[in-house]
Amino acid sequence: MRIFALAFLVFLAGLSEAGQMPLSVLPGGAVVFKPIQSMRERKFADLVQQKTDFSCGAASLATILRQAYWLDVTEAQIIEGMLAHSDQNLVRVQGFSMLDMKRYVESIGMRARGYRVSPEGLPSVSIPVIVLMDIRGYKHFVVMQKAEKDWVYIGDPVLGHKRFKFDEFVKGWNGIIFAVIGQGYDKTNVLREPPIPLTAKNRINTFSPVQDAELMDFGFIQSDFF
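Residues numbered from 1 in each chain as written. Predicted model: local features only at pLDDT ≥ 70, side-chain atom pairs only at ≥ 80, totals over all residues. Heavy atoms only, no water.

A few points about the overall build of the chain
Per the secondary structure count, the chain includes 9 helices and 8 strands. Each of the 226 residues in the chain was classed as buried or not, and the buried ones make up 36%. In the chain, 54% of the contacts between residues at least 6 apart in sequence involve partners at least 24 apart. Of the roughly 14,900 Å² that the chain leaves accessible, carbon and sulfur atoms contribute 57%. (Helix = DSSP H or I, 4+ residues; strand = E, 2+ residues; numbered from the N terminus. Buried < 20%, exposed > 50% of the residue type's maximum accessible area, 1.4 Å probe, protein only. Contact = heavy atoms within 4.5 Å. Areas by Shrake-Rupley, 256 points an atom, 1.4 Å probe, with all protein chains shown as cover.)

This is the structure in structure tokens:
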């Protein structure tokens, strides 16, 4: 019976990529499921992914409006709104600018401002903002979720949640933040609490073998053979 139940769970697990994972089978055949999240879902949790080559600004703006202001907007709607207030030929060549985003935000009754901030002032920025980064010569808008002494956490519409060492971030940043200001800001929005990076590095670096004294605590005795 146990073998059958185990095989049944394995079969169900093979059908499930994300969402619900069978955890156990109860008497009577009822299956207990545990909510799970795929690595890709975790990577882009609460972020809007960009769908075109030139829409990193639209996707970043959609992320902030959706998560910090609870506005039901999509990347496509923002692209359409920004195109209505921009030079479309220029956008096709260079993509959207902060000015395009500013005009769109003001068209929906909110305020948007660009501020020049010193690197030392980044940790004091208490809301998610949009920043322009130069990544190996590629200009790219991302959401800066928060900055700390050693790390800067960003929501990248292409790569998902990432964090940069503070100095590394500053090297690729143009020194300007784009802030959206309006009614209904959620101070507890999820963007201010980015997920912990998916890495086993810290666990590997702190690995150490179990000592003999600890083995004895678990009921083992010291071996005379090896």
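Points about the side chain of R192
As for its placement among the helices and strands, R192 is situated in the loop between β8 (173–181) and α8 (201–205). Buried and without a salt bridge, R192 has E193 as its closest oppositely charged side chain, separated by 6.7 Å. A polar side-chain atom of R192 sits 2.7 Å from the main-chain carbonyl oxygen of Q145. Residue contacts for R192: discarding those within four places in its chain leaves V125, S126, I127, P128, Q145, K146 and Y185. (Lys, Arg positive; Asp, Glu negative; His and termini not counted. Salt bridge = Lys/Arg side-chain N within 4 Å of Asp/Glu carboxyl O. Polar contact = N/O pair within 3.5 Å; in protein donor to acceptor, adjacent residues only side chain to side chain.)

Quick notes on the nonpolar core
In this structure, L61, I64, L65, I78, M101, Y104 and V180 are the most contacted members of the largest nonpolar core, which totals 30 residues. With 9 residues, helix α3 (residues 56–69) is the largest single contributor of residues to this core. If we ignore the near neighbours within four places in the chain, the residues touching M101 are G57, L61, M82, I130, F141 and F178. Among the nonpolar cores identified, the runner-up in size contains 17 residues, and L122, V152, F166 and F169 belong to it. (Core = buried A, V, L, I, M, F, W, Y, C linked by side-chain atoms within 4.5 Å.)

Here we look at the sheet that holds strand β3 (residues 111–116)
On the basis of which strands lie adjacent, the open sheet formed by 6 strands has the order β3-β8-β4-β5-β6-β7 and antiparallel pairing. Where the open sheet ends on each side, the last strands, each with one partner, are β3 and β7 (160–165). The sheet shows a mean angle of 35 degrees between the axes of neighbouring strands, taken without regard to direction. Two strands pair when backbone bridges link them, and strand β5 (residues 138–147) and strand β6 (residues 151–156) are joined in this way by 4 bridges, in the antiparallel orientation. Its bridge partner lying in β6, M144 is registered against I154. Its contacts with the sheet place α3 against β4 (129–135), β5 and β8, and it is angled at close to 20 degrees to β5. Seen against the sheet, helix α6 (residues 98–107) touches β3, β4, β5 and β8 and runs at an angle of roughly 150 degrees to β3. (Pairing = 2+ DSSP bridges. Axes fitted to C-alpha atoms, helices over the stretch in contact; angles between N-to-C directions.)

Some details on the pattern of salt bridges
Following the criterion strictly, the structure yields 5 salt bridges and no others. In this structure, the salt-bridge partner of E106 is R113, at a minimum N-O distance of 3.8 Å. One salt bridge connects K139 with D134, and the closest N-O pair in it is separated by 3.3 Å. Linked by salt bridges that have partners in common, K102, E106 and R113 make up one network.

With respect to the packing of α3 against helix α4 (residues 75–83)
Between α3 and α4, whose axes approach to 9 Å, the crossing angle comes to 115 degrees. In this structure, α3 crosses over α4, and the sense of that crossing is right-handed. In this structure, α3 contributes A58, A59, L61, A62 and L65 to the contact, and α4 contributes E75, I78, I79 and M82. Residue composition of the contact of α3 with α4, by class: 8 nonpolar, no polar and 1 charged. (Left-handed = near helix turned anticlockwise from the far one by under 90°. Nonpolar A, V, L, I, M, F, W, Y, C, P; charged D, E, K, R; others polar.)

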